[in-house]
Amino acid sequence: MPPQFYNKNANKLAQQYLSKSFDEVHQSWSQLLPSVIKNAHARILDIGAGSGRDAKHIAQLAAQTHGTENKVQVVAVEPANLLAELGARQTTGLNVKWLTDSLPALSVITKQEVSFDLILLSAVWMHIPVSDRARSIRKLANLLKPGGKLVVSLRHGQTIEDRNERKMHTVCADELKQLASDVGLFTKLETQKESDKLGRDHVSWQTLVLQMPDDGTGAFPFIRHVALNDGKAATHKLALLRVLLRIADGHAGAVLRREPSPFGDRVILPVGLVALYWCHQYKDLIDDHKLFQTPNKNPNMGFMKADGWHKLTELKSSDYRIGNLFSGVDAIALHKTLSAAVSNIKTMPCRYITFPNREANSDNTVFEVASKTVKAKDSIFLDLQTLEQWGEFSLPESTWLAFNRYACWIEPVLVNEWVKTMASYAGNAQYKSPENQYKLAQALNWEEPKRTTVEVRKRFELIQNALPKDEKIQCVWSAKSLKQKYDIDHSMPFARWPNNDLWNLLPTDSQVNNQKSDRLPTEQKLKQAKERIQHWWQVAWLEPEDQIQKRFFAEANIALPGLHSDNSSVDDLFEALTMQRGRLKEMQQLREW
């Protein structure tokens with residue numbers, strides 16, 4: 001859609017749009033809306049939200065339905081800034097978030113790493129050129145939850161002025177249905193052409209409601225194919241899938257960007273991060289448990305070099321994590337280890353993992369690596385910006401979303417297949433019998449962050465003791481002054497999302513913390529605590545020495561969605577924390593506090 005025309009004529013167009021009500025315009029499908037709204041945690045996306053008429057109606061309906069329990073989120077997207085400003089005024093005081101974005105990329109929306117129960121495209125599709133429509137529908141399908149609905153109104157009939165100034169194109173319901181079918185959507189409703197509500201004789205409208213039946217992306221069959229059916233001369237393929245799953249599940253902020261491709265959008269990650277997780281995964285498996293990862297009896301793998309991996313034998317898998325600083329010979333060895341891992345990932349699993357029914361080494365690879373040479377230095381701080389130096393790793397967006405949304409279901413399949421694969425290798429013959437294979441499964445336990453508050457307690461005591469006697473640090477949740485008895489709380493419950501980062505650890509009153517337990521704070525409670533949370537972040541981690549500041553943001557920027565790798569804003573961090581709260585609520589159905 002050309003924002004210039006809509007910005008230039010914003011007031012006139014807003015008046016025109018607002019002259020007709022939501023019910024008048026959307027009567028043909030509005031009977032489907034209450035079933036979406038009845039979910040108090042529904043998320044709805046209005047693309048091309050214009051003057052805000054539709055977003056306002058949906059938000060008001062949600063508020064009327066749920067009252068004080070309303071958690072329905074409406075996201076309004078409008079590429080024309082002046083029109084969006086008018087729309088934002090219409091929705092003042094309602095739970096509507098306005099963003100500037102547009103199809104086919106929807107780059108701002110996709111960076112949020114969330115999905116929607118309903119997506120509305122009212123009078124938008126005719127602005128999408130034919131060449132961008134396949135990519136647009138793939139993007140929209142990827143943003144839908146299982147069972148989610150996509151409502152598209154089609155405008156038939158354009159004047160020469162419409163085509164030239166407003167950049168409108170001919171639309172066809174059959175074309176849209178075929179594109180939808182190609183990405184796993186089915187047609188739930190197709191209306192007949194109806195006359196224009198504004199009385200324009202040359203214009204008619206038609207509505208299609210498309211629905212996602214399940215994950216709908218084809219990602220599950222592909223993952224199953226690689227895990228269960230693909231040939232495995234070593235454990236590389238399973239290792240890469242598990243690494244990507246772990247990144248998608250725990251580090252929403254790792255996505256550098258998304259790019260279009262002929263086969264759907266691709267997610268771009270720092271390949272250095274993939275290599276770091278690769279080393280984390282193999283470290284204890286090989287060095288501690290002495291388990292062979294290839295059919296032969298050679299314990300060495302391609303990334304285990306004498307000047308890299310074998311100089312770091314004293315390290316544990318937990319040392320390979322974001323926020324750690326290495327210096328001296330360890331830093332040089334780690335540089336070389338990561339470089340060797342990147343090379344091994346590129347030449348082994350990325351080369352041989354192909355889509356079903358496609359030849360290996362074809363041009364249509366599933367995973368791609370664009371690697372760079374990195375000179376080893378005597379200091380390395382593990383954050384996103386450092387790990388970007390090794391280049392980029394790309395994977396299909398549909399695969400990323402499957403890992404992101406269904407990690408708890410996919411990972412057991414990968415681990416089970418890895419156990420069976422290792423048990424078949426000659427070097428692991430002692431574990432071949434089923435009764436001994438549990439030891440292989442134990443060895444594959446992912447080394448989670450340790451649940452510890454010792455470091456934060458020390459910082460709390462240091463700050464508390466430096467304050468005047470009549471001043472005390474406050475509980476972030478209750479604003480009570482904290483004296484001798486206090487707790488350090490994981491704001492996002494560790495039992496449900498194992499994250500021990502500095503930003504997630506907050507001082508609280510012991511009684512309040514016991515009430516919260518492993519529940520998720522409501523969005524309202526989190527926002528009420530914003531000032532106290534940000535104050536704690538500031539005094540604890542952002543005023544001391546530079547290194548702890550770097551670690552604080554390094555951990556936050558990769559764990560939370562929507563942040564840039566160089567982010568240093570606590571306001572942006574808190575907004576990302578709020579978004580992550582919503583993601584955890586949606587994906588894990590956590591109890592709220």
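Above this text sits the structure in question.
Everything numeric here is computed off the predicted structure, so don't read it as measured data. (Residues numbered from 1 in each chain as written. Predicted model: local features only at pLDDT ≥ 70, side-chain atom pairs only at ≥ 80, totals over all residues. Heavy atoms only, no water.)

## Thoughts on the overall build of the chain
Argument step 1. A tally of regular secondary structure across the chain gives 24 helices and 16 strands.
Argument step 2. For the chain, whose C-alpha radius of gyration is 26 Å, the value lies close to the compact-globule estimate of 25 Å for 593 residues.
Argument step 3. The dimensions of the chain, computed from C-alpha atoms along their principal axes, are 80 × 70 × 45 Å.
Argument step 4. Counting across all 593 residues of the chain, residues that qualify as buried make up 56%.
Argument step 5. In the chain, of all internal contacts separated by at least 6 residues, the share reaching a separation of at least 24 is 75%.
Argument step 6. Accessible surface for the chain amounts to roughly 25600 Å². Of this, 48% is attributable to carbon and sulfur atoms.
Argument step 7. The averaged location of the 68 negative side-chain charges in the chain is 2 Å from the averaged location of its 75 positive side-chain charges. (Helix = DSSP H or I, 4+ residues; strand = E, 2+ residues; numbered from the N terminus. Rg over C-alpha atoms; globule rule 2.2 N^0.38 Å. Buried < 20%, exposed > 50% of the residue type's maximum accessible area, 1.4 Å probe, protein only. Contact = heavy atoms within 4.5 Å. Areas by Shrake-Rupley, 256 points an atom, 1.4 Å probe, with all protein chains shown as cover. Lys, Arg positive; Asp, Glu negative; His and termini not counted. Charge placed at Lys NZ, Arg CZ, Asp CG, Glu CD.)

## Digging into the environment of glutamate 24
Argument step 1. With respect to the helices, strands and loops of the structure, glutamate 24 is situated in helix H3 (residues 22-25).
Argument step 2. Overall, glutamate 24 belongs to the partly exposed group, its relative accessible area being 36%.
Argument step 3. Sequence separation between glutamate 24 and lysine 197 is 173 residues; the distance between their C-alpha atoms is 7.7 Å.
Argument step 4. The residues touching glutamate 24, leaving out its near neighbours within four places in the chain, are Ser19 and Lys197.

## A short note on the environment of glutamate 314
Argument step 1. Following the sequence through the fold, glutamate 314 ends up in the loop between helix H13 (271-288) and strand E11 (325-327).
Argument step 2. Remark: the alpha-carbon pair of glutamate 314 and serine 327, spanning 13 residues in sequence, is separated by 15 Å.

## Some remarks on the sheet that holds strand E12 (residues 368-371)
Note: strands within a sheet are paired through backbone hydrogen bonds, in either parallel or antiparallel orientation.
Argument step 1. What the 4 strands build is an open sheet, ordered E9-E10-E14-E12; its pairing is antiparallel. Among the strands making up the open sheet, the edge pair consists of strand E9 (257-259) and E12. On average, adjacent strands in this sheet sit at an angle of 30 degrees to one another, irrespective of strand direction.
Argument step 2. For strand E10 (residues 266-270) and strand E14 (residues 391-396), the ladder comprises 5 bridges, and the chain directions are antiparallel. Within E14, the position partnered with arginine 266 by the bridge is proline 396. (Pairing = 2+ DSSP bridges. Axes fitted to C-alpha atoms, helices over the stretch in contact; angles between N-to-C directions.)

## A closer look at helix H22 (residues 530-542)
Argument step 1. Buried within H22 are the following residues: Ile533, Gln534, Trp536, Trp537, Ala540, Trp541 and Leu542. Taken around the axis of H22, the buried residues stretch over an arc of 155 degrees, which confines them to a single face. Summarising the geometry of H22, the exposed residues directed more than 90 degrees from the buried face are Glu531 and His535.
Argument step 2. Contacts from the buried residues of H22 go to helix H19 (454-466), strand E16 (505-509), helix H21 (523-528), helix H23 (546-559) and helix H24 (570-588). (Arc of directions from axis to C-beta.)

## Side note on unusual backbone geometry
Argument step 1. In this model, leucine 103 is joined to proline 104 through a cis peptide bond whose omega is 10 degrees.
Argument step 2. Although it is not a glycine, lysine 290 sits at a positive phi angle of roughly 55 degrees.

## Quick look at the environment of histidine 57
Argument step 1. Inspection of the secondary structure assignment puts histidine 57 in helix H5 (residues 53-66).
Argument step 2. When the C-alpha positions of histidine 57 and serine 21 are compared, they lie 8.7 Å apart, and in sequence the two are 36 residues distant.
Argument step 3. Setting aside residues no more than four positions away along its own chain, histidine 57 makes contact with Phe22, Asp23 and Leu33.

## Some thoughts on the nonpolar core
Within soluble globular proteins, side chains that are nonpolar tend to cluster in buried spots.
Argument step 1. Judged by nonpolar contacts, the single largest core of 81 residues is most densely connected at Leu240, Tyr282, Phe303, Phe367 and Phe393.
Argument step 2. Considering each element in turn, this core owes the most residues, 13 residues, to helix H17 (residues 397-423).
Argument step 3. Leave out the neighbours within four places in its chain, and phenylalanine 303 touches Trp278, Tyr282, Ile286, Trp309, Ala340, Ala341 and Asn344.
Argument step 4. Of all hydrophobic cores here, the second largest spans 46 residues; its members include Val114, Leu140, Leu144 and Ala180. (Core = buried A, V, L, I, M, F, W, Y, C linked by side-chain atoms within 4.5 Å.)

## So, the packing of aromatic side chains
Argument step 1. According to the stated counting rule, one finds 17 aromatic pairs in the structure shown.
Argument step 2. Between phenylalanine 460 and tryptophan 536, the ring centres sit 6.3 Å apart and the planes meet at 45 degrees, which makes this aromatic pair tilted. Of the two residues, phenylalanine 460 is situated in helix H19 and tryptophan 536 in helix H22; the sequence distance between them amounts to 76 residues.
Argument step 3. The exposure class of tryptophan 536 is buried, given its relative accessible area of 2%.
Argument step 4. Through successive ring pairs, a cluster of aromatic residues spans Trp278, Tyr282, Phe303, Trp309 and Trp418.
Argument step 5. Against the face of tryptophan 309 rests lysine 283, its NZ or CZ located 5.2 Å from the ring centre. (Phe/Tyr/Trp six-rings, centres within 6.5 Å; stacked < 30°, edge-to-face > 60°. Lys NZ or Arg CZ within 6 Å of the ring centre and 35° of its normal.)

## A short note on the pattern of salt bridges
Here the idea is simple: oppositely charged side chains can pair when their charged atoms come close.
Argument step 1. Tallying each qualifying case throughout the model produces 31 salt bridges.
Argument step 2. Between aspartate 307 and lysine 336 there is a salt bridge, and its shortest N-O distance comes to 3.6 Å. Of this pair, aspartate 307 sits in the loop between H13 and E11 while lysine 336 is found in helix H14 (residues 328-347), placing the two residues 29 residues apart along the sequence.
Argument step 3. Look at aspartate 307 and you get partly exposed, because its relative accessible area is 37%.
Argument step 4. Overall, lysine 336 belongs to the partly exposed group, its relative accessible area being 34%.
Argument step 5. For the salt bridge of aspartate 489 with lysine 516, the shortest nitrogen-to-oxygen distance reads 3.2 Å. Here aspartate 489, found in strand E15 (residues 486-490), pairs with lysine 516, found in helix H20 (residues 510-516); they are 27 residues apart in sequence, far enough to count as distant. A single burial state applies to aspartate 489 and to lysine 516, both of which are buried. (Salt bridge = Lys/Arg side-chain N within 4 Å of Asp/Glu carboxyl O.)

Bear in mind that shape data such as this cannot, by itself, settle questions of function.
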